[in-house]
Amino acid sequence: MRHQHLYIAALQNKHFRLASVPAAVMRVFLAGFLCAQASPLCAETLQTAAVEFDEQFLVGTGAQKMDISRFNRGNIAMPGKYRAAMYVNRVWSGLVDVTLIEVDGDKHDVQPAFGRDLIERMPVDFSRLTTEAIEKIGALGQNGTLLLPTLIDGARATFDIGELRLDVSIPQAALSRSARGWVDPKFWDDGIPAAILQYDANIYHSTGSGLSDTQSYLGVTAGVNVGPWRLRYNGNVTNSTGNGTEFQHMQVYAQRSFASLKSQLTLGDSYTDGNIFDAFGVRGIQIGSDDRMYPESLRGYAPTVRGIANTNAKVQVRQNGNIIYETTVAPGPFEISDLYATGYGGDLQLIVTEADGSRRISNIPYAAPVNALREGRWRYGVSAGQYRNAGIEETPFVLQATVQHGLSNLLTLYGGAIVSENYQSGAAGVALNTVIGAIGFDATHAMTKLCSQPDRHGQSYRLSFSRLFSPTDTNITLAAYRYSTIGFLSLRDAMYVRDREKRNASFDGHVGQKGRLQATLSQGIGRWGSFYLSGYTQNYWSRPGRDSSYQFGYNTSIRRVGVNFSATRELDADSGRWDNRVMLTLNIPLGSGSDIVNSSTSYTHDSRNGSNQVQESLTGAFGKDYEFNYGVTASYADNSSGNSSSVNANIGYLSPFTQVRANAGHGNGYTQVGGGLSGSVVAWQGGVAFTSQTGDTFAVIEAKDAAGARVASAPGVRVDSFGHALVAGVNPYEMNRVEIDTKGLPLGVELKSTEQRFAPTAGAVVKVNFETQDRGRPVMLRIRQANGKAVPFGADVLDADGNNVGSVTQGGRALVYAKTRSGRLSVKWGEAAGQSCHVNYVAPPSEGRQGASFSFSEAECG
């Protein structure tokens, strides 16, 4: 950006003026330099044509003998090696070393050269290249020697010196086919050896009715990372008045991923996934598919779209009128298998537009059945070890295995088995994506051996259906029915019964649910909002009656005011009573500009006790990064036993090191206060870092001398005094971006790059290095020639090693960075004799660290 500012300053310089020039030439002059610095696309356009500027346009003492020939091209980078971000077809492809070379010895034509390393970093399908190109690539070394268009027909590469960015454009015909969002596993980073501690502490004190109670809680997740292994401990400690202190150990396990299997291995305590059988805890070994290892465009269920193009055709996939995918395909059959899963969004529409403008439109049914997978996908899981449930003593050995496979867009098959000492179960099911909707059906058979009761044998059947009716925007998100025979027990129920038998405790011999029916319907009504209906009813073998619940809700907005109404009707099987509850809520945003303030007013009526409650809440956030948040709630209620009122308040602060929260409340007969802390700590060989965030996967930022800089991609996180910052909760197996805001950096310190990207494995602690350069103390020099005249505008200022440390602007001023208080610099504004000189400077003394203060000095160039 230096030359951009230099030319803006030139136009404002009172020491020279612009000669009269045509307006069109002036526009080329300004657009050429500003565009070359601001946009890679502009830079690409300018690189193809040189523009020669007449130095007579700049006249006056400030422009004497000014050499502007080096600015005759949009790309003014000098030959050499640069560290830059590479984008292939506008998609980030990593940080690379870029070599710029002069083309045919022309110093005004400098372009990126490519070696084998850069070629291999790009998604190029070598089978689509010419034999000559493949031979050239095979003969390449790691250093760049050839221009990209000589290797790939139609390819282009441009380099933006201002952004340190290499933009590569490659025709689709030469690209390898990969799913959107795909990250090559060779870029997955297992991270560095590190120790992790995450904590959540809370204390709650209340007084009322002559009693006082204090409860405290501390939950911790601690662990160590060694290579691909993650060792973790999860537990908590609680303390309450009258009950003392209790410790609870939740999980201890070791875990690692296997990229080739797209699977996760866990040794120790874990939980099954619950896709086919009900989830349960197991202490032993578990290995299974990890969907996070697939790109987002391959997760969940979406159909594979196939078609045939007669020419180079444009292909669009639409859903509810929205374009969700678009590409260009070559003549012949094509296949699209990386559509993002969109839930129950409705059928797809495939539009193929040929080169002559003709169009073909076809429909593809799309509704996501339960347990459905994409065509060709497999998902499996195997768990073996002791059954684990903190509420019972029964801990037999148990083995569970499950598998799912997407046979086609229409059909997914799945099944599994559980084998234990006194329990066996098997399940099989099918998921169908049909024109009438998504249908899922499975059956489970279970056998349980009991001690004092006859053995149990039974089945459980489950049927589900979902469908979006596009013409009316009616969405039946789930309609399911489940029925179990009297002899069926799930593993959890079977372990409960056997545990009660061993302890000679009473239990209901039937145990378990008999049947359950549930349904949810949502309906959009245009600008008037939307409403939903949902409900369920279920009965049991162990007791008469049934539990039932029905809900109705309506949401809309009137200008800026959000209106929400809900009504609930519930039947309690034990009491046989219906309870009705209605609520009306108005949400009003009160903030303006950068303030976040929201008001919420609600009215609730409950028929159970005849109560009516009115509640008013005010919530908001403020601060540069909205690090402060608050809420105040006042309520008034009346019921058959009297009236009551209360006021509650909370406040939170997201500091760079921990999250602090406090709350207090007062009502009829009670007073309450409380507070809490949460955050994460990571220690590694290079230091210790803190953050207010929590999460499974971390990025440790190292940016020497950048203390105080804000991590723009992680609100509330800043670089500490040791040059470290910690970002928690990054996405595993995906390309994550970390950006540092240079605003607030110490004077004289600059970052070679403000953005880094990385793809961690699950649970990793990845070190992200931001190279900084302490250029020294900023010194403003006013340079005069021996004859008293100003040094020509645009002259380069060089140090003793020939490195450019600044440029002369208007009035002979030059801002340079010096690592010593005094020294000798060279000033050069041309190649001819008499177009350079030397200057000695002495800067005034300053306090503080080098580079932290600014000084001004007069200097004579001779």
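Residues numbered from 1 in each chain as written. Predicted model: local features only at pLDDT ≥ 70, side-chain atom pairs only at ≥ 80, totals over all residues. Heavy atoms only, no water.

*Asks:* I would appreciate a short explanation of the overall build of the protein chain in the present structure.
*Replies:* In terms of regular secondary structure, the protein chain is built from six helices and 54 strands. The burial tally for the protein chain puts 42% of its 862 residues in the buried class. Across the protein chain, every contact between residues at least 6 apart in sequence was considered, and the portion connecting residues at least 24 apart equals 53%. By element, 55% of the accessible surface of the protein chain is carried by carbon and sulfur atoms, the whole surface being about 42,800 Å². (Helix = DSSP H or I, 4+ residues; strand = E, 2+ residues; numbered from the N terminus. Buried < 20%, exposed > 50% of the residue type's maximum accessible area, 1.4 Å probe, protein only. Contact = heavy atoms within 4.5 Å. Areas by Shrake-Rupley, 256 points an atom, 1.4 Å probe, with all protein chains shown as cover.)

*Asks:* Any chance you could explain the sheet that holds strand β20 (residues 359-364) here in plain terms?
*Replies:* Strand pairing in a sheet relies on backbone hydrogen bonds. The paired strands run either parallel or antiparallel. As summarised here, the arrangement of the four strands in space is β17-β16-β19-β20, forming an open sheet in which the pairing is antiparallel. Here the strands that pair on one side only, and so sit at the sheet edges, are β17 (322-329) and β20. This sheet shows a mean twist of 20° between the axes of neighbouring strands, independent of strand direction. By the bridge criterion, six bridges tie strand β19 (residues 348-353) to β20 in an arrangement that is antiparallel. For leucine 350, the partnering residue across the bridge sits in β20 and is serine 362. (Pairing = 2+ DSSP bridges. Axes fitted to C-alpha atoms, helices over the stretch in contact; angles between N-to-C directions.)

*Asks:* Honestly, the side chain of histidine 724 in this entry has me stumped. Any pointers?
*Replies:* Assignment of secondary structure puts histidine 724 in strand β42 (residues 724-728). Setting aside its immediate chain neighbours within four residues, histidine 724 contacts Trp684, Gly686, Gly687, Val688, Ala689, Ile701, Glu702, Arg718 and Val719.

*Asks:* So what exactly am I meant to see when it comes to the pairing of strand β40 (residues 698-702) here?
*Replies:* Note on strand geometry: in a regular strand, side chains alternate between the two faces of the sheet. The buried fraction of β40 is high, at five of five residues. The side-chain alternation of β40 yields two buried faces, one formed by Phe698, Val700 and Glu702 and the other by Ala699 and Ile701. As judged from the five bridges shared by β40 and β42, these two strands associate in the antiparallel manner. Pairing of phenylalanine 698 across the sheet is with alanine 728, part of β42. Here five bridges tie β40 to strand β46 (residues 765-769), and the two strands are oriented parallel to one another. Across the sheet, the residue bridging to phenylalanine 698 is valine 765, located in β46.

*Asks:* I would appreciate a short explanation of the packing of aromatic side chains in the present structure.
*Replies:* Note on aromatic pairs: each is described by the distance of the centres and the angle between the planes. Per the counting criterion, the structure on display carries nine aromatic pairs. The interplanar angle of 45° and the centroid separation of 5.3 Å between the aromatic rings of tyrosine 82 and phenylalanine 159 together place this pair among those described as tilted. Note that tyrosine 82 is positioned in strand β3 (residues 80-88) and phenylalanine 159 in strand β6 (residues 156-160), a separation of 77 residues in sequence. Centroid distance phenylalanine 622 to phenylalanine 628: 5.1 Å. Interplanar angle 10°. Geometry classified as stacked. Judged by relative accessible area, phenylalanine 622 falls into the partly exposed class, the value being 38%. Owing to a relative accessible area of 27%, phenylalanine 628 belongs among the partly exposed residues under this scheme. (Phe/Tyr/Trp six-rings, centres within 6.5 Å; stacked < 30°, edge-to-face > 60°.)

*Asks:* I'm lost on helix α6 (residues 491-502) in this one. Help?
*Replies:* Since the α-helix packs 3.6 residues into each turn, any two residues three or four apart lie on the same face. Relative to the 16 Å expected for 12 residues at 1.5 Å per residue, α6 spans 17 Å between its end C-alpha atoms, a close match to the ideal helical length. Three or more residues of α6 are buried, namely Leu491, Ala494, Met495, Val497, Arg498, Asp499 and Glu501. For α6, the elements touching its buried residues are β21 (378-388), β22 (397-406), β23 (411-420), β24 (423-434) and β25 (437-448). Asparagine 504 sits one or two residues past α6 and shows a positive phi near 55°. (Expected span 1.5 Å × (residues − 1).)

*Asks:* Would you take a moment to explain the sheet that holds strand β43 (residues 736-741) for this structure?
*Replies:* Strand order in the open sheet formed by four strands is β8-β45-β43-β41, with mixed pairing between adjacent strands. Both edges of this open sheet fall to β8 (188-189) and β41 (710-711), since each of them pairs with a single strand only.

*Asks:* Explain a nonpolar patch on the surface here, please?
*Replies:* A grouping of Phe565, Leu584, Leu586, Ile588, Leu590, Tyr603, Val614, Leu618, Val632 and Val647 is seen on the molecular surface, where their side chains present a nonpolar patch of about 770 Å² in accessible area. In terms of residue count, the dominant contributor to the nonpolar patch is strand β32 (residues 577-589) (three residues). By relative accessible area, leucine 590 is classed as partly exposed at 49%. (Patch = residues over 30% accessible without salt bridge, like charges linked within 9 Å, V, L, I, M, F, W, Y side chains within 5 Å. Salt bridge = Lys/Arg side-chain N within 4 Å of Asp/Glu carboxyl O.)

*Asks:* Explain the environment of alanine 443 to me, please; I cannot follow it from the model alone.
*Replies:* Relative to the helices and strands, alanine 443 resides in strand β25. Residue classification places alanine 443 among the partly exposed residues on the basis of a relative accessible area of 27%. Spatially, the C-alpha atom of alanine 443 lies 8.4 Å from that of glycine 426, the residues being 17 residues apart in sequence. Residues within four places of alanine 443 in sequence aside, it is in contact with Gly426, Ala427, Ala428, Ser460 and Tyr461.

*Asks:* Is there a simple way to think about the pairing of β21 in this case?
*Replies:* Sheet analysis places strand β14 (residues 281-289) next to β21, joined by eight bridges and oriented antiparallel. If you follow valine 282 over to β21, its bridge partner there is tyrosine 387. Inspection of the sheet shows β21 paired to β22 by nine bridges, in the antiparallel sense. Its bridge partner lying in β22, arginine 379 is registered against glutamine 404.

*Asks:* Which parts of the structure should I look at to understand the environment of serine 646?
*Replies:* Among the structural elements, serine 646 can be located in strand β36 (residues 642-654). Residue classification places serine 646 among the buried residues on the basis of a relative accessible area of 13%. Residues serine 646 and threonine 671, 25 residues apart in the sequence, show an inter-C-alpha distance of 9.5 Å. Non-local contacts of serine 646, meaning those with residues more than four positions away in its chain, are made with Thr633, Ala634, Ser635, His666, Gly667 and Tyr670. A polar atom in the side chain of serine 646 sits 2.8 Å from the side chain of serine 635. (Polar contact = N/O pair within 3.5 Å; in protein donor to acceptor, adjacent residues only side chain to side chain.)

*Asks:* Got a minute to help me understand the pattern of salt bridges in this structure?
*Replies:* Opposite charge on two side chains makes pairing possible when the charged atoms of those side chains draw close. All chains considered together, the criterion is met by 20 salt bridges. Across the pair aspartate 741 and arginine 710 runs a salt bridge, and its minimum N-O distance is 3.1 Å. Taken together, the positions of aspartate 741 in strand β43 and arginine 710 in strand β41 put the pair 31 residues apart, joining distant regions of the chain. Under the relative-accessibility criterion, arginine 710 is labelled buried at 18%. Measuring nitrogen to oxygen at the nearest pair gives 4.0 Å for the salt bridge that ties glutamate 755 to arginine 737.

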